[in-house]
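Descriptive analysis of the structure
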Amino acid sequence: MLHLRAIVPPDRTDAVCASLSDCAGATNVVVLPGAARSPRGDLVQADIARESANEVLEALQALGIDKDGSIAIEKIDLSMSDVAERAERRAPGHGDDAVVWDEFDRQVTEGTILTWSFIAFLALATQLAAIAALIDSPVLVVGAMVLGPEFAAVAAICYGLFRGQPGRIWQAVKALVIGFAAAIVITYVCALVSKWIGVVETDRLPAHRPLTAFIYSPDRWSFIVALLAGAAGVLSLTAGKSSALVGVFISVTTVPAAGNLAVALALRHGTEITGSLEQLGVNFAGMIIAGTVTLFLQRAVWSAVLRQRGRSAAERST
């Protein structure tokens, strides 16, 4: 269940309550007249089944509540209510299958903002990956994968393609390009300094790296894994399953390839430079393709669920 909190202009409170009454997945509606001070208005609260969230949000936006008042939705960790359970059963489909599009929009939008923390996390992850390349450590590779913050920007590209929004795509691509370029340059400089002061005692990356060679050796499996990761990542974001998203981070080698690229540039190891660039391209292409297709499939499946609900309601009324 989700909890809705809306500040509503008094002249639209009855219309909001009517919309909530018409929604099969809404219950526990509470109205506190004149409770809100900034902006001024009535406070309307309700519990909503996740699968009915889009219906409620569209109704409130149609009434202009997002412009003249305020709309907030948060997850309920524990709900002990027979009324709420009945509302969930009445709502179409299942909550895990429902995509709250406004929530997903906010998530991916935040992921495309080029902040200092985004670059810092990406640079730290890339340096971990560079060390992993030097000492052939799969543990550090996994750490670099988990630390990298890039998937939200990848999901934003998928969403931009899905919605036909070139501006969103450009913003996400810019964040990825600038972020990775900065991370690679920082790691490259650190590798050069480490070489000059004797921390790195080799002129080339190790020739035999059985545990981490996959970072710079893309093949058909790299693309297949990227496809699976892109689909799983978008599903985890739209379903709100953050634990699954961690698994996505561990499965793709974008950051490790960037770290390997930086240290290969510093040590002038041409073969691994090419392989790392190819690995980056394969991973991003696979994730973007699969993520975009997943969004289209989710919309198609949910449309079928709503059509089935409409047919069932029509049958009950006859």
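Residues numbered from 1 in each chain as written. Predicted model: local features only at pLDDT ≥ 70, side-chain atom pairs only at ≥ 80, totals over all residues. Heavy atoms only, no water.

Here's the deal with the overall build of the protein chain
- Summing up its helical and strand segments, the protein chain has 13 helices and four strands in all.
- Once the C-alpha set of the protein chain is aligned to its principal axes, its extents read approximately 75 × 45 × 40 Å.
- Expressed as a percentage of the 318 residues in the protein chain, the buried residues total 45%.
- Across the protein chain, every contact between residues at least 6 apart in sequence was considered, and the portion connecting residues at least 24 apart equals 80%.
- Here the protein chain holds 25 positive side-chain charges and 29 negative ones, and the gap between their average locations is 3 Å. (Helix = DSSP H or I, 4+ residues; strand = E, 2+ residues; numbered from the N terminus. Buried < 20%, exposed > 50% of the residue type's maximum accessible area, 1.4 Å probe, protein only. Contact = heavy atoms within 4.5 Å. Lys, Arg positive; Asp, Glu negative; His and termini not counted. Charge placed at Lys NZ, Arg CZ, Asp CG, Glu CD.)

Considering a nonpolar patch on the surface
- The grouping of Val185, Val189, Val193, Trp196, Ile197 and Val199 at the surface amounts to a nonpolar patch, some 640 Å² of accessible area in total.
- Assignment of secondary structure puts isoleucine 197 in the loop between helix H9 (166–196) and helix H10 (220–238).
- Classification of isoleucine 197 as exposed rests on a relative accessible area of 61%. (Patch = residues over 30% accessible without salt bridge, like charges linked within 9 Å, V, L, I, M, F, W, Y side chains within 5 Å. Areas by Shrake-Rupley, 256 points an atom, 1.4 Å probe, with all protein chains shown as cover. Salt bridge = Lys/Arg side-chain N within 4 Å of Asp/Glu carboxyl O.)

Quick look at the pairing of strand E1 (residues 2–8)
- In terms of burial, E1 is largely enclosed, as six of its seven residues are buried.
- Across seven bridges, E1 lies against strand E3 (residues 40–48) in antiparallel orientation. Along E3, the bridge assignment pairs arginine 5 with glutamine 45.
- By the bridge criterion, six bridges tie E1 to strand E4 (residues 70–75) in an arrangement that is antiparallel. Looking at the pairing, arginine 5 lines up with alanine 72 of E4. (Pairing = 2+ DSSP bridges.)

A look at the packing of aromatic side chains
- Counted under the stated rule, the structure contains seven aromatic pairs.
- On the numbers, 6.1 Å between centres and 25 degrees between planes, the contact of tyrosine 159 with phenylalanine 162 is stacked. With tyrosine 159 and phenylalanine 162 both in helix H8 (residues 151–163) and three residues apart, the pair spans about one turn of that helix. Both residues of the pair, tyrosine 159 and phenylalanine 162, count as buried.
- Ring-pair connections join several aromatic residues into one group, and the members of that group are Trp101, Phe104, Tyr159, Phe162 and Phe296. (Phe/Tyr/Trp six-rings, centres within 6.5 Å; stacked < 30°, edge-to-face > 60°.)

Section: the confidence of the model for the protein chain
- In this model, the protein chain carries an average pLDDT of 87, and 91% of its residues clear a pLDDT of 70 or more.
- Every residue in residues 313–318 is under pLDDT 50, and counting partners more than four places away or in other chains gives zero contacts. (pLDDT = per-residue confidence, 0-100.)

Section: the side chain of arginine 209
- Within the secondary structure layout, arginine 209 lies in the loop between H9 and H10.
- At a separation of 3.3 Å, a polar atom in the side chain of arginine 209 contacts the main-chain carbonyl oxygen of alanine 133.
- Non-local contacts of arginine 209, meaning those with residues more than four positions away in its chain, are made with Ala133, Asp136, Ile215, Tyr216, Asn260 and Glu272. (Polar contact = N/O pair within 3.5 Å; in protein donor to acceptor, adjacent residues only side chain to side chain.)

Some points on the layout of surface pockets
- Of the voids in this model, the largest pocket is the one considered here, and its volume is about 380 Å³.
- Sorting the residues of the lining of the largest pocket by element identifies helix H2 (53–62), E4 and helix H5 (101–111) as the ones contributing at least two each.
- Looking at the lining of the largest pocket element by element, the count peaks at five residues for E4.
- Class assignment for the residues of the lining of the largest pocket results in six nonpolar, one polar and eight charged. (1 Å grid on protein atoms, 1.4 Å probe; cavity = no way out; pocket = protein on both sides within 12 Å on 5 of 7 lines; lining within 4 Å. Points joined across faces, edges and corners; volume = space filled by probe spheres on them. Nonpolar A, V, L, I, M, F, W, Y, C, P; charged D, E, K, R; others polar.)

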